[in-house]
Amino acid sequence: RYFRFPSNFDQMVFLSQVQQGLAIKTAIEFWRSTKPRCMGTLYWQINDTYPVASWASLDYGGQWKILQYMAKRFFRPVNVVAVPEKDGASIVLRGINDTAAKAEVTLDVQAVDVGGRARVVFTGKGNVSPDAASDLAHIALEDLQPSEFLFFSWRDKTGKLLGENDYFPQAYKAYDLVPAKVSSRWESADGQPVLVLKADKPAVFVTATTDVPGYFSDNAVTLLPGRETRLGFTPRHGLKVTQKALAAGLKVRHLRQTY
């Protein structure tokens, strides 16, 4: 219904995790945006003890599935989400504040073409009351091209980046995504391995996995051309790892590779 059919089993497994994460993300972002009608959300389920296909966001060995990474983002205390208006003519970007203090955010919104061109469609500041949700911007769908999606980021009053998100007005299969080359390299920061990712074209749901048990600081991310994304890696059980060992088992997947 939303994605093109994958061409092999590995891609089917990857796409099933993308769809699981996206389904829960869509629901929780919307419910959180309806404060005070809905004042909290939980999802089922966090873990599993059997090696099966399940609703869990942690697999039977304790590794993070894509949903677990998405949950880390869609449960941000101060978040911004995109919600289609009931009239179907526009998209509202709504700020969500779960903290006990007023949140002052600066929101930047880009319309990004699947080929890589980007243009700013909104920049502005807004306030979200404590434990509340407020509209920050309205984007008319007629102002977007069929090949464009929204990519937006928000910062606090000191300029610190709080988060990034995106929104595709159409089903993903409707976009003719350009084949993207995603490059990767390992670095070290404060003694921790860091994977640096960069793409020449927009790449969606970019997900890194490695044979070494452990967690990345983020995953299933959207990469825009000319920007580097840095993912820290924390090995499990106090395991000592080298960049060589991590690189040997590294695999980077993204949506365009599934067809």
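For the structure itself, look to the data block above.
Report on the accompanying structure. The structure displayed is predicted, hence computed values, not measured ones. (Residues numbered from 1 in each chain as written. Predicted model: local features only at pLDDT ≥ 70, side-chain atom pairs only at ≥ 80, totals over all residues. Heavy atoms only, no water.)

1. Focus on the sheet that holds strand β2 (residues 90-97)
The strand order across the open sheet built from three strands is β1-β2-β5, with neighbouring strands paired in antiparallel fashion. Only two strands of the sheet have a single neighbouring strand rather than two, namely β1 (78-84) and β5 (132-140). Neighbour-to-neighbour, the strand axes of the sheet open up by a mean angle of 25°, direction not taken into account. With seven bridges connecting them, β1 and β2 associate as antiparallel partners. What sits directly across from A82, in β2, is L93. Strands in contact with helix α1 (residues 9-33) are β1, β2 and β5; relative to β1, the strand with the most contacts, it is inclined by about 100°. (Pairing = 2+ DSSP bridges. Helix = DSSP H or I, 4+ residues; strand = E, 2+ residues; numbered from the N terminus. Axes fitted to C-alpha atoms, helices over the stretch in contact; angles between N-to-C directions. Contact = heavy atoms within 4.5 Å.)

2. Observations concerning the pattern of salt bridges
For the structure on display, the rule yields 16 salt bridges. A salt bridge links D218 to R73; the shortest N-O distance between them is 2.5 Å. Residue D218 is located in the loop between β11 (214-216) and β12 (221-223), and its partner R73 is located in helix α2 (residues 66-74); the two are separated by 145 residues in the primary sequence. Across this residue pair, the class does not change: D218 and R73 are buried. Residues participating in the shared-partner salt-bridge network are R32, K35, D98 and D131. (Salt bridge = Lys/Arg side-chain N within 4 Å of Asp/Glu carboxyl O. Buried < 20%, exposed > 50% of the residue type's maximum accessible area, 1.4 Å probe, protein only.)

3. Observations concerning the packing of aromatic side chains
Scanning the model with the defined rule gives 13 aromatic pairs in all. Ring centres of F168 and Y172 lie 4.7 Å apart, and the angle between their planes is 40°; on these two criteria the pair is classed as tilted. Residue classification places Y172 among the buried positions, given a relative accessible area of 12%. (Phe/Tyr/Trp six-rings, centres within 6.5 Å; stacked < 30°, edge-to-face > 60°.)

4. Section: the side chain of D113
In this structure, D113 sits in strand β3 (residues 103-113). Looking at D113, its side chain comes within polar contact range of the side chain of S147, at 2.4 Å. Each residue touching D113, except ones within four places of it in the same chain, is listed here: S147, E148 and P202. (Polar contact = N/O pair within 3.5 Å; in protein donor to acceptor, adjacent residues only side chain to side chain.)

5. Considering α1
Under the 1.5 Å per step criterion, the end-to-end length of α1 is 36 Å for 25 residues, consistent within 8% with the ideal 36 Å. Residues of α1 that are buried include every one of Q11, F14, L15, V18, Q20, G21, L22, K25, I28, E29, R32 and S33, and no others. At the N-terminal boundary of α1, the capping side chain belongs to N8, with an oxygen 3.2 Å from the backbone nitrogen of D10. (Expected span 1.5 Å × (residues − 1).)

6. Quick notes on the sheet that holds strand β9 (residues 192-199)
One open sheet holds the four strands; their spatial order is β8-β9-β13-β11, and the pairing between them is antiparallel. Two strands close off the open sheet at either side, each with one partner strand: β8 (182-189) and β11. On average, each strand axis in the sheet is tilted by 25° relative to the strand beside it, whichever way the strands run. Alignment of β9 against strand β13 (residues 228-235), held across five bridges, turns out to be antiparallel. Considered in β13, the bridge of V194 is made with G232.

7. Structural notes on the side chain of N79
Mapped onto the elements of the fold, N79 is located in strand β1. For N79, a relative accessible area of 1% corresponds to the buried category. A polar contact of 3.1 Å, which involves the side chain of N79, links it to the side chain of R76. Leave out the neighbours within four places in its chain, and N79 touches E29, R32, R73, F74, R94, G95, I96 and W154.

8. Considerations on the environment of L195
Positionally, L195 belongs in strand β9. Classification of L195 by relative accessible area gives buried; the value is 0%. Once residues within four sequence positions are removed from consideration, L195 is found in contact with S184, R185, W186, A208, F216, T229, R230, L231 and L250.

9. Here's the deal with the packing of α1 against α2
Packing of α1 against α2 leaves a shortest axis separation of 8 Å and a crossing angle of 25°. Looking at the two axes, α1 sits roughly parallel to α2. Seen along the crossing, α1 lies across α2 with a hand that is right-handed. Across the interface between the two elements, F14, Q17, V18, Q20, G21, L22, I24, K25, I28, E29 and R32 of α1 pack against I66, L67, M70 and F74 of α2. For the contact of α1 with α2, the residue count by class is nine nonpolar, three polar and three charged. (Parallel < 35°, antiparallel > 145°, perpendicular 65-115°, else oblique. Left-handed = near helix turned anticlockwise from the far one by under 90°. Nonpolar A, V, L, I, M, F, W, Y, C, P; charged D, E, K, R; others polar.)

10. Things to note about unusual backbone geometry
Across the chain, the bulk of peptide bonds are trans and the bulk of non-glycine residues have phi less than zero. The linkage connecting K35 with the following residue, P36, adopts the cis geometry, with an omega of 5°. Turning to its location among the elements, P36 is positioned in the loop between α1 and α2. The phi dihedral of D190 is positive, around 55°, even though this residue is not glycine. In this fold, D190 is placed in the loop between β8 and β9. Assessed through its relative accessible area of 86%, D190 is described here as exposed. Here the phi dihedral of H237 falls at roughly 60°; this positive angle occurs in a residue that is not glycine. Relative to the helices and strands, H237 resides in the loop between β13 and α3 (243-248).

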